[in-house]
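Survey of secondary and tertiary structure
One-letter residues, chain by chain:
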Amino acid sequence: MPGTILRMKTDGLDLKKPSHLLAFGFGSGLAPKAPGTAGTLIAIPLYILMQSLPLISYLLLRGRCAGCGTCGAACTQGAITMRHFTDTQILAQVDSLLEEKGEEKVIVFACNWCSYAGGDTAGISRMQYAASCRLIRTMCSGRVDEKFVWYALARGAPMVLVSGCHYADCHYINANRSTVKRVNNLWKKMEQYGIRPDRLQLEWISAAESTKFANVITEMVEQVRKLGPSPLKNGRQKKKESA
């Protein structure tokens, strides 16, 4: 979240540390103030703050929140969450959906504004597609954390689909750029772990593309028959998958 405005308290910081000076001066054009000064207001990327200043006390200004949840997915410390779309709530949905015959189901993380609406339109239009897909609504595809994908695969889902607004038409302007980076990172890790990257799919589907939604789901279910069950089921990978 470049440019996020944070009201920062500098109490207890050692301003002689290079990491503190680097992060403190980034984008502000101001020299750091002396220790004990509270309430300094600067512009700084949130991820820089979290990585470089682990001991800092900070407050996010709610007025700057876009509501996409991307920062929650990017936070590695679990310090940021999103009301009604917390990690616990989303993982509980995965558990519930895969409780029975999970090896036959495709988990779909669908953006509220486009892909979820596209699936809704497909249903209203009575379009035929495989009934084995299970949708989990998120406000934005950027809210989909890497651990959601790993968890779904470990719980038995043979494939996972992350779907959102078209790349240039994100409801939150550019939040789905984070989706692309995260999915690319997941694909690299899957290759390293010997898991076929095509078990994770990324699709852009608008609210008006009900036909595309139905076609994507149908194709994924057919692919599941070829791939077989998840190699991570029960938390163990028995062997590497062949490409």
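Here the structure is shown first, and the text comes after it.
Below is a short write-up of the structure. This is a predicted model, so every value here is computed, not measured.

Description of the overall build of the chain
For the chain, the count of helices and strands is 8 helices and 7 strands. In the chain, buried positions account for 44% of the 243 residues. A fraction of 78% describes how many contacts in the chain between residues 6 or more apart in sequence connect residues 24 or more apart. Here the chain displays about 13,200 Å² of accessible surface, and carbon together with sulfur accounts for 53% of that area.

Section: the nonpolar core
Inside soluble globular proteins, nonpolar side chains tend to come together where they are buried. Core analysis: the largest hydrophobic core is formed by 31 residues, its most contacted members being I107, F109, V149, V160, Y172 and L200. With 4 residues, the single largest contributor to this core is helix 6 (residues 146-154). Setting aside chain neighbours within four positions, we find V149 in contact with V144, V160, L186 and L200.

A short note on the state of the cysteines
Scanning the model with the defined rule gives 0 disulfides in all. In this model C140 remains outside any disulfide bridge; the closest cysteine sulfur is found in C170, 4.5 Å from its own. Residue C140 is classed as buried on the basis of its relative accessible area, which comes to 2%.

A look at the sheet that holds strand 5 (residues 133-138)
If you trace the 4 strands from one edge of the open sheet to the other, you get 5-4-6-7, paired in parallel fashion. Single-partner strands in this sheet number two, and they are strand 5 and strand 7 (200-204). Put simply, the sheet's adjacent strands are angled 20° from each other on average, direction ignored. Pairing of strand 6 (residues 159-164) with strand 7 involves 5 bridges; the strand directions are parallel. By the bridge assignment for strand 7, G164 is matched with W204. Helix 6 contacts strand 4 (106-111), strand 6 and strand 7 of the sheet and is inclined by roughly 150° relative to strand 6. Along the sheet, helix 8 (residues 210-227) contacts strand 4, strand 5, strand 6 and strand 7; its crossing angle with strand 6, the most-contacted strand, is approximately 160°.

Criteria and cut-off values
- Residues numbered from 1 in each chain as written.
- Predicted model: local features only at pLDDT ≥ 70, side-chain atom pairs only at ≥ 80, totals over all residues.
- Heavy atoms only, no water.
- Helix = DSSP H or I, 4+ residues; strand = E, 2+ residues; numbered from the N terminus.
- Buried < 20%, exposed > 50% of the residue type's maximum accessible area, 1.4 Å probe, protein only.
- Contact = heavy atoms within 4.5 Å.
- Areas by Shrake-Rupley, 256 points an atom, 1.4 Å probe, with all protein chains shown as cover.
- Core = buried A, V, L, I, M, F, W, Y, C linked by side-chain atoms within 4.5 Å.
- Disulfide = S-S within 2.5 Å.
- Pairing = 2+ DSSP bridges.
- Axes fitted to C-alpha atoms, helices over the stretch in contact; angles between N-to-C directions.

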